[in-house]
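What the coordinates show
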Amino acid sequence: MVDVSESGSAVATSPIKVQRLHHMAYTTYDMAKTRHFYEDVVGMPLAQTWVEGTDAGPGGRHYVHCFFGLADGGAIAYFEHHGATEPENRPNSEGHIAFKLDGESQDALKERLEAEGYTPRVTDHGYCRSLYVTDPSGLNLEFTVDADDIEQIVAYQDRVAHDELKRWQSGDMTPNNSWRPADH
């Protein structure tokens, strides 16, 4: 089956279901510090290390690519390019990557982060409770625990998501998160 996109091009309408995060890649300028953070503090094991490189082309290119594993087989991966130095005024990432965990694990992670000198921030969104921290390479991370009634919340949002987006796009910015505690 084929449909027409907003730009007028033909688009296949067969359903696509992205199964899970395979990996998300980012750059580090200190793989030792990055490995310590993910493996020793967060508890994501170093699952793969690929040393790559070529002398072809101007200057060649040599790098190490490390993957830190998730229980579902996904990973967060980091590149460290040989000889690269961290740019001055490197901004933190504009977005973040979020990982799901249980409440006990979130509490333990918060303690570990604080013991390592990080200052995590916890926010109760109502549909989930999130712990935010920035890793040593400047990537913003979120470790989230779903609300006990997440299935009902997701079912509700599944029914209203398109209408709520249209409402927002029409200029109505009235908050719609009735699950969020008043103090957050």
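Our subject in this report is the structure included herewith. (Residues numbered from 1 in each chain as written. Predicted model: local features only at pLDDT ≥ 70, side-chain atom pairs only at ≥ 80, totals over all residues. Heavy atoms only, no water.)

**Quick notes on the pattern of salt bridges**
This structure, assessed with the given rule, holds six salt bridges. Here arginine 35 and glutamate 39 are joined by a salt bridge, their closest N and O atoms 2.9 Å apart. In this pair, arginine 35 and glutamate 39 are both assigned in helix α1 (residues 31-42), four residues apart and thus about one turn of the helix distant. Taking the relative accessible area as the measure of exposure, arginine 35 reaches 26% and is therefore partly exposed. The exposure class assigned to glutamate 39 is partly exposed, which follows from its relative accessible area of 27%. Here lysine 110 and glutamate 114 are joined by a salt bridge, their closest N and O atoms 2.7 Å apart. Here glutamate 114 and lysine 110 lie together in helix α2 (residues 103-115), a separation of four residues that amounts to about one turn. (Salt bridge = Lys/Arg side-chain N within 4 Å of Asp/Glu carboxyl O. Helix = DSSP H or I, 4+ residues; strand = E, 2+ residues; numbered from the N terminus. Buried < 20%, exposed > 50% of the residue type's maximum accessible area, 1.4 Å probe, protein only.)

**What to know about the packing of α1 against α2**
At a closest axis distance of 10 Å, the pairing of α1 and α2 adopts a crossing angle of 130 degrees. One finds that α1 runs oblique with respect to α2. Between α1, through Phe37, Asp40, Val41 and Val42, and α2, the contact on the second element is made entirely by Leu109, Arg112 and Leu113. Class assignment of the residues belonging to the contact of α1 with α2 gives a composition of five nonpolar, no polar and two charged. (Axes fitted to C-alpha atoms, helices over the stretch in contact; angles between N-to-C directions. Parallel < 35°, antiparallel > 145°, perpendicular 65-115°, else oblique. Contact = heavy atoms within 4.5 Å. Nonpolar A, V, L, I, M, F, W, Y, C, P; charged D, E, K, R; others polar.)

**Some remarks on the pairing of strand β6 (residues 75-81)**
The pairing of strand β3 (residues 23-27) with β6 spans five bridges and is classified as parallel. Directly across from methionine 24, in β6, lies its bridge partner isoleucine 76. As paired elements, strand β5 (residues 61-69) and β6 share seven bridges and run antiparallel to each other. Along β6, the bridge assignment pairs phenylalanine 68 with isoleucine 76. Here β5 folds back onto β6 in antiparallel fashion, the turn holding five residues, of which glycine 73 has a positive phi close to 100 degrees. (Pairing = 2+ DSSP bridges.)

**Brief notes about the side chain of histidine 125**
Along the chain, histidine 125 turns up in the loop between β8 (121-124) and β9 (128-134). Excluding anything up to four places from it in sequence, histidine 125 contacts Ser130, Tyr132, Glu142, Asn177, Trp179, Arg180 and Pro181.

**A word on the environment of glycine 53**
Inspection of the secondary structure puts glycine 53 in strand β4 (residues 46-54). Residue class for glycine 53 comes out partly exposed when judged on its relative accessible area of 45%. Spatially, the C-alpha atom of glycine 53 lies 9.4 Å from that of histidine 81, the residues being 28 residues apart in sequence. Each residue touching glycine 53, except ones within four places of it in the same chain, is listed here: Arg61 and His62.

**Looking at the sheet that holds β9**
Strand order in the open sheet formed by four strands is β7-β10-β9-β8, with mixed pairing between adjacent strands. Looking at strand neighbours, the two that pair on one side only are β7 (97-100) and β8, the edges of this open sheet. Taking each pair of neighbouring strands and ignoring which way they run, the sheet shows an average axis angle of 25 degrees. Where β8 and β9 come together, four bridges link them in antiparallel fashion. Across the sheet, threonine 123 pairs through a bridge with serine 130, a residue of β9.

**So, the packing of aromatic side chains**
In total, this model carries eight aromatic pairs according to the counting rule given. Ring plane angle 80 degrees and centroid distance 5.0 Å describe the contact between phenylalanine 37 and tyrosine 38, whose orientation is recorded as edge-to-face. Geometrically, the ring pair formed by tyrosine 63 and phenylalanine 79 is edge-to-face, given 5.4 Å between the ring centres and 65 degrees between the ring planes. In this pair, tyrosine 63 sits in strand β5 while phenylalanine 79 sits in strand β6, placing the two residues 16 residues apart along the sequence. A network of ring pairs unites the aromatic residues Tyr26, Phe37, Tyr38, Phe68, Tyr78 and Tyr118 as a single cluster. (Phe/Tyr/Trp six-rings, centres within 6.5 Å; stacked < 30°, edge-to-face > 60°.)

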